[in-house]
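A structural walkthrough
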Amino acid sequence: MSLKSMMDSAETAPVARRRRRWLGCLPFVLVLALVVVGGLYLNRHRDLLPIPVAEGCQVDSADGVIDLSLDQMSNAGTIAAVAISRNLPERAVTISLATAMQESKLQNLTAGDRDSIGLFQQRPSQGWGTPTQVGDPVYATNKFLDKLVQIQGYAQLPLTVAAQDVQHSGYPDAYAAHETDAKTLSGALTGRVPASLNCTVNSVGSAVTGPIGSDGLQQGGRAVSAKLKKEFGSTVTPRAMTVAGSADAAGASSSSSSAAADPQGLGLTVRTGSGTAGTARAWAVAQWAVANCQDLHITTVSYGGKVWRSSDSTKGWQTSGTASASGPVQITVSAKAATASPSS
């Protein structure tokens, strides 16, 4: 090889190596470019990529802010509903909630200290009832309230004194730590503070439909009606919805408004009486429904010119375009047709 050829080869070798290195990086560069472009596109079109939200509930009002899980808020709603069914004052709800927050963190525990069970950690061996009974949140709340209302002037007593007179706890001062949060909860759950309770969910699932019963409700609607009656008692009157779409004002997505579009047994109205007490009770029912949205497959709750939608749960209560500012609470339930059993 001539001297010139050797020099030319030496000069082109580094160029060739640089070209090969650059070509080797090309796939990485292309992938990085696609990621950047895709990220920018999805950021501008977030509706194309559903992003899971952190599920849970919050009460945000002038009384304060408290965050709970869906299960905790459902149990808190039960406690408030039972007190409302007995026409007890909000102070009774606050005392009950603070007690349950200390005893069980608003969880319906199946075990605890010695033979303690349930929301209030009541002991069957101490006469509170059978394990099955005290494991029922409605029964447990009623038993707590039975003893609370026997205390002379309980509503004027310090919360710790009233709670301790019922519970006989080894830590009587512990209830005081929950008084502020219990007051915040009771304000929403008794309806004193409207539209202050919101639960965010990714999905509420669907109830399996069945034949329409004598009450005009299918399976999903009957489950809501049965729980309402069990917890609120005679203070509420659930009925099958009769006006198509009335539970959800215009604007809900087709996936979440299917129940409202065809309310045959999938929606119900709840009447709560008239006057100031009836209005507060209606808001108590409306916010109770939001707290129970996942267990009862509730997609929309409407009352007082406001609507809550499970499909838009991160936005909380929104102004409704057509819902009346008066009238009954309206609730719709997501449902799917029952699957026929295969023939044998």
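My aim in this report is to walk through the structure given alongside it, one point at a time. (Residues numbered from 1 in each chain as written. Predicted model: local features only at pLDDT ≥ 70, side-chain atom pairs only at ≥ 80, totals over all residues. Heavy atoms only, no water.)

Brief notes about the overall build of the protein chain
Defined as follows: Comment: elements are numbered from the N terminus, with helices defined as DSSP H or I runs of at least four residues and strands as E runs of at least two. Residue burial is assigned from relative accessible area. The probe radius is 1.4 Å, only protein chains are included, and a residue is buried under 20% of its type maximum, exposed over 50%, and partly exposed in between. A contact between two residues is defined here by any heavy atoms of the two lying within 4.5 Å. Residue exposure ignores everything except the shown protein chains as possible cover, and the areas themselves are Shrake-Rupley values with a 1.4 Å probe.
Helix and strand content of the protein chain: 11 helices and 11 strands. Within the protein chain, buried positions represent 43% of all 344 residues. Across the protein chain, every contact between residues at least 6 apart in sequence was considered, and the portion connecting residues at least 24 apart equals 66%. Of the accessible surface of the protein chain, which amounts to about 17,500 Å², a share of 55% is contributed by carbon and sulfur atoms.

Describing the packing of helix α5 (residues 137-148) against helix α6 (residues 159-167)
In plain terms, the rule: Axis lines are fitted through C-alpha atoms, for helices just across the contact stretch, and the angle between N-to-C directions can take any value from 0 to 180 degrees. What sets the label is the angle itself: under 35 degrees gives roughly parallel, over 145 gives roughly antiparallel, 65 to 115 gives roughly perpendicular, and the rest give oblique. Left-handed describes a crossing whose near helix is turned anticlockwise from the far helix by less than a right angle; the clockwise case is right-handed.
For the pair α5 and α6, the least separation of the axes is 9 Å and the interaxial angle reads 110°. One finds that α5 runs roughly perpendicular with respect to α6. Between α5 and α6 lies a crossing of right-handed hand. Across from Phe144, Lys147 and Leu148 in α5, the residues of α6 making contact are Ala162, Val166 and Gln167.

Details of the state of the cysteines
As a reminder, the rule being used: Disulfides are defined as cysteine sulfur pairs within 2.5 Å.
Considering all chains together, one arrives at 1 disulfide under this definition. The disulfide partner of Cys57 is Cys199, and the S-S distance across this bridge is 2.1 Å. Taking the torsion about the S-S bond as the criterion, the Cys57 to Cys199 disulfide, at about 105°, is right-handed. Placement of Cys57 in strand β1 (residues 56-61) and of Cys199 in strand β3 (residues 197-200) is noted, with a sequence separation of 142 residues between them. A relative accessible area of 3% means that Cys57 is categorised as buried. Residue classification places Cys199 among the buried residues on the basis of a relative accessible area of 0%. The thiol of Cys293 is unpaired, and the distance to the nearest cysteine sulfur, on Cys199, comes to 5.3 Å.

Quick notes on the sheet that holds strand β9 (residues 318-319)
This is how the line gets drawn: When DSSP finds two or more bridges between two strands, those strands count as paired.
Judged by pairing direction, the sheet is antiparallel, and its 6 strands sit side by side in the order β5-β6-β10-β7-β8-β9 without closing on themselves. Because the sheet does not close on itself, it has two edges, and the strands there are β5 (237-240) and β9. Bridge analysis of strand β8 (residues 306-309) against β9 gives 2 bridges, and the strand direction is antiparallel. Pairing of Val307 across the sheet is with Gln318, part of β9. Lying over the sheet, helix α8 (residues 219-232) contacts β5, β6 (267-271), β7 (298-303) and β10 (329-333), oriented at roughly 20° with respect to β6. Each of β6, β7, β8 and β10 touches helix α10 (residues 275-291); the most contacted strand, β7, lies at about 165° to it.

Thoughts on α10
Operational definition: Helix span is expected to be 1.5 Å times the residue number reduced by one.
The first and last C-alpha atoms of α10 sit 24 Å apart over 17 residues, in line with the 24 Å expected at 1.5 Å per residue. Among the 17 residues in α10, 12 count as buried, and that is most of the element. Regarding α10, the residues found buried are Gly278, Arg281, Ala282, Trp283, Ala284, Val285, Ala286, Gln287, Trp288, Ala289, Val290 and Ala291.

Don't take any of this as a statement about function, it's just geometry.
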